[in-house]
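Spelled out from the first residue to the last, the chains are:
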2 protein chains.
Amino acid sequence: MLEVKPERFLDDLHHLRSFGAAGVGKGVVRPAYSPPDIAARQWLAERMEEAGLRPQFDPVGNLFGLVDAPSLLLGSHSDSQPEGGWLDGALGLIAGLEIARAAREAGGPPVSVVSFQDEEGRFGVTTGSAIWSGNLALEVADRQTDRMGVSFAEARAAMAHLAGKFVDPSQFSGFMELHIEQGPWLSEAKEAVGIVTDIVGIRDMRITFDGEQNHAGTTPMHRRRDAFQGLARFNALINERFRNVVSPQTVWTIGHVALHPDAHSIVPGRATFSMQWRDGDTERLSRMETVIRDAAEEVASAAGLGLSFGDMLGLEPVPMDARLRAALCESADTVAPGRWRQMQSGALHDATNVARLMPAAMLFVPSINGISHAFAEDTDEADLVTGLMVLAGAVGRGSV
Amino acid sequence: MLEVKPERFLDDLHHLRSFGAAGVGKGVVRPAYSPPDIAARQWLAERMEEAGLRPQFDPVGNLFGLVDAPSLLLGSHSDSQPEGGWLDGALGLIAGLEIARAAREAGGPPVSVVSFQDEEGRFGVTTGSAIWSGNLALEVADRQTDRMGVSFAEARAAMAHLAGKFVDPSQFSGFMELHIEQGPWLSEAKEAVGIVTDIVGIRDMRITFDGEQNHAGTTPMHRRRDAFQGLARFNALINERFRNVVSPQTVWTIGHVALHPDAHSIVPGRATFSMQWRDGDTERLSRMETVIRDAAEEVASAAGLGLSFGDMLGLEPVPMDARLRAALCESADTVAPGRWRQMQSGALHDATNVARLMPAAMLFVPSINGISHAFAEDTDEADLVTGLMVLAGAVGRGSV
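Everything in this summary refers to the structure shown in the same document. On a predicted model such as this, the values are computed, not experimentally measured, just so you know.

All names here are of chain A. Side chains of strand β10 (residues 257-260) alternate between two faces, with Val-257 and Leu-259 buried and Ala-258 and His-260 left unburied. As paired strands, β10 and strand β12 (residues 270-279) are joined by four bridges and run antiparallel to one another. In the strand pairing of β12, Leu-259 is matched with Ala-271.

Here's what the structure looks like:
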């Protein structure tokens, strides 16, 4: 067994929070490439060096702490949402650092650490690991802009003085990421650890109903082609039909709605809305897509509405590596017997990208009340330490 | 009978269109206080003078063409929607001008004319006639702003060089307004004229559901308090319950929807939307209000959502004056036998306000395909002339 030191781990985790500490509770404001993000990464590089690792920044700001041998890679990300909490990303990174340190102190196994850049997607989705894994071309990423119109190329220039080469992934035998759950399941069940079976796939598209913009006083109900009524009918129809398709883990969301011309006295002539759905099973994602397209077409045809579908964004479900996952389960059974489960990840993580390059696995600790991406995000320190111990146990087995 | 001259009437109507002519077809862009609106009113003042009327602007830009005797008042408005057609408002005004001219040529009866300002509500609803009738205090109106933040006080300053005193309404024995229907009934039935029985009442309010903003990937469906789902459920519920309350003329509309934060990957934490309903019967408007408030409360309570109602705007239904209406019906029976009907107005008009001061009545001509407030708005010239003849016939009877 590796002798991780919970106090050293918690101290580093709290210290990392001081970069960008803000808001109420344990709030953190540390978006990718902001001054607090860069300062945090420089401090991390020093901690890596102290731990006997060789720090290396790559051209997009991903920070690796390397051992000079084939090794496991542990980590996550240290950037935050525009308003985030202290654990999201930070936990997996500092846990990796502590385990690499303990492994070095114990004379093995060799463990490297990484903090990916812009996991929170100031410029897209899991940008740093997407580029490193080859999921996203650097020249494409460079043209992407944030909400203020700043390009990725401009933003990463702020770290140019630190940048070395891209790290060769072939030196790593596998990747493991500890993360807060960001959902309510573990917290509700008062369990300590979740071993991830797979990261769900996501489908996301825009749908538009085109009706007829008209006077809300003089257009009789039977003569209307009201685009909002089309949206409402579509929503009811898919909610009803999904019942025979979904699992309790499946989620779907209409989070964005734009009516035109969006005025009290005008029958809406157009409704554009977002339709997003997530599930761990590609087959189910496809069946849901069929329900969605069929329902939209039925509504449009019955109500005399035009219909158009936007491009569909699709990320496939990623199953976690069976061997790494088994090691995590065995370790959980030792560290927290009866207080862990296997579960799906409904959120995206860097492991989705890294899984293209090497065996990858994840484990979760509870988020109190399921809250994340908010200043109120938190986890009991006992659970943080349990997560660290389970991960260390899996690494210490040597079999991974 | 008064000898109105259809060609002179149509010439003036087409000339008025040249102020702000835009877009396709017979489109007009002539919002209240815009340069084309002011130029059109100055041209109208000259036409009034040529017709032997005394033009007088009041402090808010309402333009009267007066005879120096107690008289009937005819007219409507010459401002347009941001994107409007050539007839809305213009028709009733130019018809009034032609009838006043013909009456003057015939030696009586005395007829005055008016073009109210901002009927289209750049600053509210039927602003000019609302102020003139005492429905809206000038100091309140002066604080109202348009979508760009311009105040009514600033806007009407553009006409200050033309402004005289408010016109004393006691000199008028009654008001009649010819207007395009803005709905499909006459066009569908191939009828030429509608005599208005009453102008519907309107109720308009904002409703807000407050739910819980959350991660669209990790928040299970049963744990969500999704404000958009609340709106969709509310919409279904009122559509179902209104069946036992409404008449075929009743209309209701959700025309504006704002979700917060309005993002694909976030369960909507708030939905604010407009709820508007119109009917000729005050009692029915109240029963609909009860259905709306009860349904919103049921949905909020069942779905764990917060609920708030904004202020309710209410304008009561206005019955048209029986004597003027009878004169219009008799005239219609002479001019267009078998091709007219009595009907309700689902749109608001200046007559709603003027009815506070004196007997008021309205008549409609068809809108082709029911289109109005759009560049495509139009009416057959034969129907325009029939409307003019019916109004002239009612005036010429002398009994009004």
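Least-squares fitting of chain A to chain B yields an RMSD of 0.7 Å, with the transformation described by 0.4 Å of translation along the axis and a rotation of 179°. Look at the turn and shift together and you get a two-fold axis relating the two. Looking at the rotation axis and the C-alpha trace of chain A, the residue lying nearest is Ala232(A), at 2.8 Å. When the interface residues of chain A are mapped onto chain B, 98% of them again lie at the interface, so the same face is used by both copies.

Here the focus is the nonpolar core. Formed by 70 residues in total, the largest nonpolar core has its most connected members in Phe9(B), Leu13(B), Ile99(B), Met176(B), Leu384(B), Leu391(B) and Val395(B). Sorting elements by how many residues they give to this core places helix α3 (residues 90-106) of chain B first, with ten residues. Excluding anything up to four places from it in sequence, Phe9(B) contacts Leu91(B), Ile94(B), Ala95(B), Glu98(B), Leu384(B), Val385(B) and Leu388(B). One finds Leu13(A), Leu324(A), Ala332(A) and Leu363(A) within the second-largest nonpolar core, a separate group that totals 69 residues.

Before going further, it helps to examine the packing of aromatic side chains. Following the criterion strictly, the structure yields 28 aromatic pairs over all chains and no others. With a centroid separation of 5.1 Å and 55° between ring planes, the pair formed by Phe64(A) and Trp132(A) is classed as tilted. Of the two residues, Phe64(A) sits in strand β2 (residues 63-66) while Trp132(A) sits in helix α4 (residues 127-133), which places them 68 residues apart along the sequence. For Phe64(A), a relative accessible area of 0% translates into the label buried. Centre to centre, the rings of Tyr33(B) and Phe123(B) are 6.3 Å apart; their planes meet at 65°, and the pair counts as edge-to-face. One end of the pair, Tyr33(B), is in the loop between α1 (6-17) and α2 (35-50); the other, Phe123(B), is in the loop between β4 (111-116) and α4 (127-133), and 90 residues separate them in sequence. The exposure classification of Tyr33(B) matches that of Phe123(B), with both residues buried.

Further remarks concern helix α9 (residues 282-303) of chain B. Given 3.6 residues per helical turn, the α-helix brings residues three or four places apart onto the same face. Residues and elements named next belong to chain B. If you check α9, its first and last C-alpha atoms are 32 Å apart, about what 22 residues at 1.5 Å a residue would give, namely 32 Å. Looking at the buried residues of α9, the elements they touch are β7 (201-210), α8 (227-242), β9 (251-253), β12 (270-279) and β13 (306-309). Looking one or two places after α9, you find Gly-304, whose phi comes out positive at around 65°.

Reading the values: the criteria
- Residues numbered from 1 in each chain as written.
- Chains lettered and ligands numbered in written order.
- Predicted model: local features only at pLDDT ≥ 70, side-chain atom pairs only at ≥ 80, totals over all residues.
- Heavy atoms only, no water.
- Buried < 20%, exposed > 50% of the residue type's maximum accessible area, 1.4 Å probe, protein only.
- Helix = DSSP H or I, 4+ residues; strand = E, 2+ residues; numbered from the N terminus.
- Pairing = 2+ DSSP bridges.
- Least-squares fit on C-alpha atoms with pLDDT ≥ 70 in both.
- Contact = heavy atoms within 4.5 Å.
- Core = buried A, V, L, I, M, F, W, Y, C linked by side-chain atoms within 4.5 Å.
- Phe/Tyr/Trp six-rings, centres within 6.5 Å; stacked < 30°, edge-to-face > 60°.
- Expected span 1.5 Å × (residues − 1).

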